[in-house]
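# Overview (structure and organization)
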There are 4 protein chains.
Amino acid sequence: MPCRSNKELNTMVISAKECTAKGKVADYIPALGKANPHDLSIAIHFPDGECISAGDVQKKFTLQSVSKVISLALVLMDRGRGYVFERVGMEPTGDPFNSIAKLETMAPGKPLNPMINAGALVVTHMIKGTSVADRFHRLLSFIHELANDKTINLCEEVASSEFETAYLNRALCFFLKQHQIIDENVEELIDLYTKQCSIEMNCLNLARIGLVFAMDGRDPQSGRQIIPIDVARICKTFMVTCGMYNASGEFAIKIGIPAKSGVSGGIMGSVPGKFGIGIFGPALDEKGNSIAGIRLLELLSKTYKLSMF
Amino acid sequence: MPCRSNKELNTMVISAKECTAKGKVADYIPALGKANPHDLSIAIHFPDGECISAGDVQKKFTLQSVSKVISLALVLMDRGRGYVFERVGMEPTGDPFNSIAKLETMAPGKPLNPMINAGALVVTHMIKGTSVADRFHRLLSFIHELANDKTINLCEEVASSEFETAYLNRALCFFLKQHQIIDENVEELIDLYTKQCSIEMNCLNLARIGLVFAMDGRDPQSGRQIIPIDVARICKTFMVTCGMYNASGEFAIKIGIPAKSGVSGGIMGSVPGKFGIGIFGPALDEKGNSIAGIRLLELLSKTYKLSMF
Amino acid sequence: MPCRSNKELNTMVISAKECTAKGKVADYIPALGKANPHDLSIAIHFPDGECISAGDVQKKFTLQSVSKVISLALVLMDRGRGYVFERVGMEPTGDPFNSIAKLETMAPGKPLNPMINAGALVVTHMIKGTSVADRFHRLLSFIHELANDKTINLCEEVASSEFETAYLNRALCFFLKQHQIIDENVEELIDLYTKQCSIEMNCLNLARIGLVFAMDGRDPQSGRQIIPIDVARICKTFMVTCGMYNASGEFAIKIGIPAKSGVSGGIMGSVPGKFGIGIFGPALDEKGNSIAGIRLLELLSKTYKLSMF
Amino acid sequence: MPCRSNKELNTMVISAKECTAKGKVADYIPALGKANPHDLSIAIHFPDGECISAGDVQKKFTLQSVSKVISLALVLMDRGRGYVFERVGMEPTGDPFNSIAKLETMAPGKPLNPMINAGALVVTHMIKGTSVADRFHRLLSFIHELANDKTINLCEEVASSEFETAYLNRALCFFLKQHQIIDENVEELIDLYTKQCSIEMNCLNLARIGLVFAMDGRDPQSGRQIIPIDVARICKTFMVTCGMYNASGEFAIKIGIPAKSGVSGGIMGSVPGKFGIGIFGPALDEKGNSIAGIRLLELLSKTYKLSMF
């Protein structure tokens, strides 16, 4: 990517911002409803340490579903592929992220993939540790390492707001418990899961994490292999096949970058071998993806020919 | 029905008992797994007070899904038809009793009918009272009146066994709560629901309750109208269209008696204007109905031409 | 039913007619779209030969789904219960009448019941005969006998309009053929089925047919048993559990009369042991039932306490 | 990929062949059932014209679902993206390739993607031409160009075998016609579609076609751009997200090469910028993919690090 200029990036942000008018901030989690729908910020982190950005890059947002990729990486490291994929599948699904119906029709309640809520709950369930606090601490430390920023923490307000209203996730958990996919106390799992979703950062942090995935798990600054190569590869594959909810197929065709979005409006992108992207734009399209964030990625992908395909 | 002889009934019980070999006692609720699969008892209660019976009629069993008809009657009396049917539908469904999939595909999470678990949970949710204890007491008093037996109570062992393992019902509750069909604390509702299911009686009691429904809600002994006529009629209609899980259609064709079964092996039957039936036979067929109980009802229906149709 | 007066019936028709404004004539079959939405006529046929009626009773309409009950009776007589119910189930379903989804999820493509299109196509497939013409002739003769009217015939215009546009029924047929539920040429089956649906009569005829079912298959005038008792009983049972599409449950509760409706606006009712009803009111509700026809039946059922339950 | 040796490839073929014992030749199309389950052949075609291979590379097989990618490319060239994606979606689905259920639940009958049968039928429907013969001729000419081999033709025996038994595809077509996604004569479309599926070639041909997709649509020998770059890219994206039926997600994770399989046992692979792969191994796994073919691709991908992710 030849673009290493904040100015060029800024022009694209201004153009992409126009479509925020057509989007809507998520309001099913009350604390998220307070976001400004017109916000749009982006950071691009290169392996040589350079970072370009545009928009109000200091604005913080919670990870929400973006966290699903990170917890998956941790759990694959903790448990190994065999263990993990006995409990959660690898197939994309045409259903919405919060669907429960397919758990019933597919044989014995195993979620289709780790990017839908049911699968992500199973992943979080597999995070090792002696308590919710301990498991959360391990996940947070992992994120500190990926982002190279130890100040990252959860947003208590969002965490408790989500914990209170996570009825559907509790339904999924009990369904999974009935089918013996998970065996932990549901309230504890929901506590850990909503904390995971409520980890807060800005787009600079997110771009840094995306960079580590892009570089096959290696921290390009320290040279340390934070995530094993094959784990990073698996995560990027899921980002392509199921990273953008049930708009993943269209995203792969139009944009072709491994990416994961969240309902807070965050998107993490990882252009293999090249750079990481962090975006925050809370106005969502009807599938739950940042409407301006997707537009911005489309502009970037077309301008700089970033599609993997 | 000309049969008023224990001996004739006994011959039929002996014949029907043969098929218990092909059935299986429910074991997903641990406490139910202890039942003797070869048990089969029946009582028939006439409006003139006569009661004929066969088998070990003193053996007790828990109501399980049979209780769904009784709680529906209570709630229709408590809340009125309009209120109740805004929250639960009237349509039979070809799905298994514990299915969650259709809650998702049908508009806004309203269960199809009060005889599937999702619908029954909504019904129990509507039982009036100041606390779980108070609401359970009201239901139990209603049953005392219907059965004319104040000694009936719940089986604590079954209640706590079910409470501990009711993961799927909790999943249904949280799904319903997400869709604002119910708004109460899920653990409290599960507590009340499992208590309701664990109310214990023998087939003589059950026949007495069936008789009240058969007589349009009137207690033929005291002459008191315990249930309003239209409520009794609604309950009998549901017994025909959805009383025997997803074997209700076949049951209506082969037997044609309003009836409701439970996984403990109980069946309550109400032959309109004629008599009530109570059956206990814990060996179940694959749809969850008492295998010998259905066989016995088929013999009765054919011999005495009991079908309504 | 004490009502034996055209005048009383006429008052009810006038009252029920008001709701035609909220209904809509079926237009997916072009020839049906020409009906007058404000039409409403009814005939009630008693076993003693008396017939009361109201509205323009000479107006003709095609049977459409009402024919499903009649072809089922013929096929049960032709083939026997065992043969028939190996090929079509007995269970109501909460799905729309033209749904194909459940054929896929339920084991091997057997339709749930003979009142949904998939099941009705299997039934028509089982009508015996050497050719489509011969099979249609047998069905028509059967209808002549039931209605005691040899002038009844099909409406060619509707038949060919339906034959041309029956894409969904062809989809169902090919699905059934794939799963070896049927093995005949699809175009021939569609030809026979659309002819069956296009048989035309007035509400007097339909009431006469409903009467035969009400009288357990016996023609009360000639004394002849046109349909065996158990076949008539099976048909009435299906009319209760699945006769009014996916509004059957509600109809059973509110009205409680065995009845079968069609998208042309016809409804045939059979009050067991009492009388037959024929209704024509082409304005339909959203489930595909005659909106004023249902209202009229509700008035009749409440006024004269006709519910079986 | 450093491997340019037939010998090395041969060793892998021998190793992969072992798992043919666990697979099964497709027999739902009678003519396919005659294949030898122990066959396994592969060809790899490089842009410089070199081609390495192993196994009986002269053995011919029909394209079946592999043809879906090629017809998609042709139709995107014929009609443009906008037109095509109004009629068929871009999303992977967790359902089997021949599923009809989701057509019903998703809004108005639009197939989820062009790799499931419903979507592929819509694609074939869009092939331009004045007659079936003309449209087939256009597709075949396109394949001649891609494979650089004008002798390729259809296998009449397979074509007529498939045409006769394609009941499920006819069901899908009529469903699509009902929902106005297609408007052509179903028998004609099935004729064209089964001809497309019955185009016969060997793995050398298939590798050559895979190479053109790998080189962004450019024929590396003639230098001609046979397929526009963006069309080639779209095709490769679908190969990743939905190319291996409902095992595509697992394939992407384990192997990470754009690939499309068919029930005849063919697999076409396109390693972007590097080479094309053609495989023939008729023993299938339970998802319908060549069991030894997948094993062979896994060996290749691991040995030479071919995953895109």
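Residues numbered from 1 in each chain as written. Chains lettered and ligands numbered in written order. Predicted model: local features only at pLDDT ≥ 70, side-chain atom pairs only at ≥ 80, totals over all residues.

## With respect to the overall build of chain A
Check the secondary structure of chain A and you find 13 helices and 10 strands. For chain A, whose C-alpha radius of gyration is 18 Å, the value lies close to the compact-globule estimate of 19 Å for 309 residues. Once the C-alpha set of chain A is aligned to its principal axes, its extents read approximately 55 × 40 × 35 Å. Across the 309 residues of chain A, 60% fall into the buried class. Contacts spanning at least 24 positions in sequence make up 69% of the contacts within chain A whose residues lie at least 6 apart. (Helix = DSSP H or I, 4+ residues; strand = E, 2+ residues; numbered from the N terminus. Rg over C-alpha atoms; globule rule 2.2 N^0.38 Å. Buried ≥ 20, exposed ≤ 12 C-beta atoms within 10 Å, placed from the backbone. Contact = placed C-beta atoms within 7 Å.)

## With respect to helix α8 (residues 167-178) of chain A
All names here are of chain A. The first and last C-alpha atoms of α8 sit 16 Å apart over 12 residues, in line with the 16 Å expected at 1.5 Å per residue. Taken across its 12 residues, α8 has 10 buried, putting it largely inside the fold. Of the positions making up α8, those classed as buried are Asn169, Arg170, Ala171, Leu172, Cys173, Phe174, Phe175, Leu176, Lys177 and Gln178. (Expected span 1.5 Å × (residues − 1).)

## Considerations on the sheet that holds strand β6 (residues 199-201) of chain C
Residues and elements named next belong to chain C. Read from one edge to the other, the open sheet built from 3 strands follows the order β4-β6-β5, with strand pairing classed as antiparallel. On the outer flanks of this sheet lie β4 (61-62) and β5 (153-154), each paired with one strand and no other. With 2 bridges connecting them, β4 and β6 associate as antiparallel partners. Looking across to β6, one finds that threonine 62 is bridged to glutamate 200. (Pairing = 2+ DSSP bridges.)

## With respect to the pairing of strand β3 (residues 51-54) of chain C
Residue and element names in this part refer to chain C. Two elements, strand β2 (residues 41-45) and β3, share 4 bridges in a ladder whose sense is antiparallel. From the neighbouring strand, isoleucine 42 faces β3, where its bridge partner is alanine 54. Hairpin connection from β2 to β3: 5 residues lie between these consecutive antiparallel strands, with glycine 49 at a positive phi of about 100°.

## Section: the domain arrangement of chain A
Residues and elements named next belong to chain A. Here chain A is described as being made up of domain 1 (6-62 + 202-304) and domain 2 (65-197). A separation of 21 Å is found between the C-alpha centroids of domain 1 and domain 2. With 31 residues of domain 1 in contact, the opposing surface of domain 2 contributes 30 residues. Counting residues per element, the ones that place at least two in the side of domain 1 that touches domain 2 are α10 (203-214), α11 (229-242), β7 (259-261) and β8 (266-271). In terms of residue count, the dominant contributor to the side of domain 1 that touches domain 2 is α11 (7 residues). A breakdown of the residues in the side of domain 1 that touches domain 2 according to their chemical character gives 18 nonpolar, 11 polar and 2 charged. (Domains from an automatic or database assignment. Nonpolar A, V, L, I, M, F, W, Y, C, P; charged D, E, K, R; others polar.)

## Thoughts on the relation of the copies chain D and chain A
With an RMSD of 0.0 Å, the operation that places chain D on chain A is a rotation of 180° combined with a shift of 0.0 Å along the axis. With respect to symmetry, the two chain copies, as superposed, fit the operation of a two-fold axis. Proximity to the rotation axis, assessed at the C-alpha, singles out D:Thr93 in chain D; its C-alpha lies 2.2 Å from the axis. Of all interface residues in chain D, 100% are interface residues in chain A too; the two copies therefore contact each other through one and the same surface. (Least-squares fit on C-alpha atoms with pLDDT ≥ 70 in both.)

## Some points on the sheet that holds strand β4 (residues 61-62) of chain B
All names here are of chain B. Taken in spatial order, the 3 strands line up as β4-β6-β5 in an open sheet, and their pairing is antiparallel. Each edge of the sheet is formed by a strand with only one pairing partner; in this case those strands are β4 and β5 (153-154). Direction of pairing for β5 relative to strand β6 (residues 199-201): antiparallel, over a ladder of 2 bridges. Bridged to leucine 154 within β6 is isoleucine 199.

## Thoughts on the interface of chain D and chain A
It is common to give the size of an interface as the accessible area that goes away when the parts come together. Taken together, the contact between chain D and chain A spans 25 residues of the former and 25 residues of the latter. Contributions of two or more residues to the side of chain D that touches chain A are made by α11 (229-242) and α12 (248-254) of chain D. Counting residues per element, the side of chain D that touches chain A draws most heavily on α11(D), at 6 residues.

## Topic: helix α11 (residues 229-242) of chain C
Residue and element names in this part refer to chain C. With 14 residues, α11 extends 20 Å from end C-alpha to end C-alpha; this agrees with the ideal 20 Å at 1.5 Å per step. Most of α11 is tucked away, with 12 of its 14 residues classed as buried. Val231, Ala232, Arg233, Ile234, Cys235, Lys236, Thr237, Phe238, Met239, Val240, Thr241 and Cys242 are the residues of α11 that are buried.

## Some details on unusual backbone geometry
In the Ramachandran plot, B:Gln180 falls in the positive-phi region, its phi being about 60° despite a non-glycine side chain. Position of B:Gln180 relative to the elements: it lies in the loop between α8 (167-178) and α9 (186-197). B:Gln180 gets classed as exposed once you count the C-beta atoms within 10 Å, which come to 10. One non-glycine residue, D:Asp216, adopts positive backbone phi at about 60°. Position of D:Asp216 relative to the elements: it lies in the loop between α10 (203-214) and α11.

## Some remarks on the packing of helix α7 (residues 156-165) of chain C against helix α9 (residues 186-197) of chain C
All names here are of chain C. It is the contact of α7 with α9, at a shortest axis distance of 8 Å, that shows an interaxial angle of 140°. With respect to each other, α7 and α9 are oriented oblique. The way α7 lies across α9 gives a crossing that is right-handed. Here Ala159, Glu162 and Phe163 of α7 lie close against α9, whose contacting residues are Ile190, Asp191, Thr194, Lys195 and Cys197. Looking at side-chain class alone, the contact of α7 with α9 contains 4 nonpolar, 1 polar and 3 charged residues. (Axes fitted to C-alpha atoms, helices over the stretch in contact; angles between N-to-C directions. Parallel < 35°, antiparallel > 145°, perpendicular 65-115°, else oblique. Left-handed = near helix turned anticlockwise from the far one by under 90°.)

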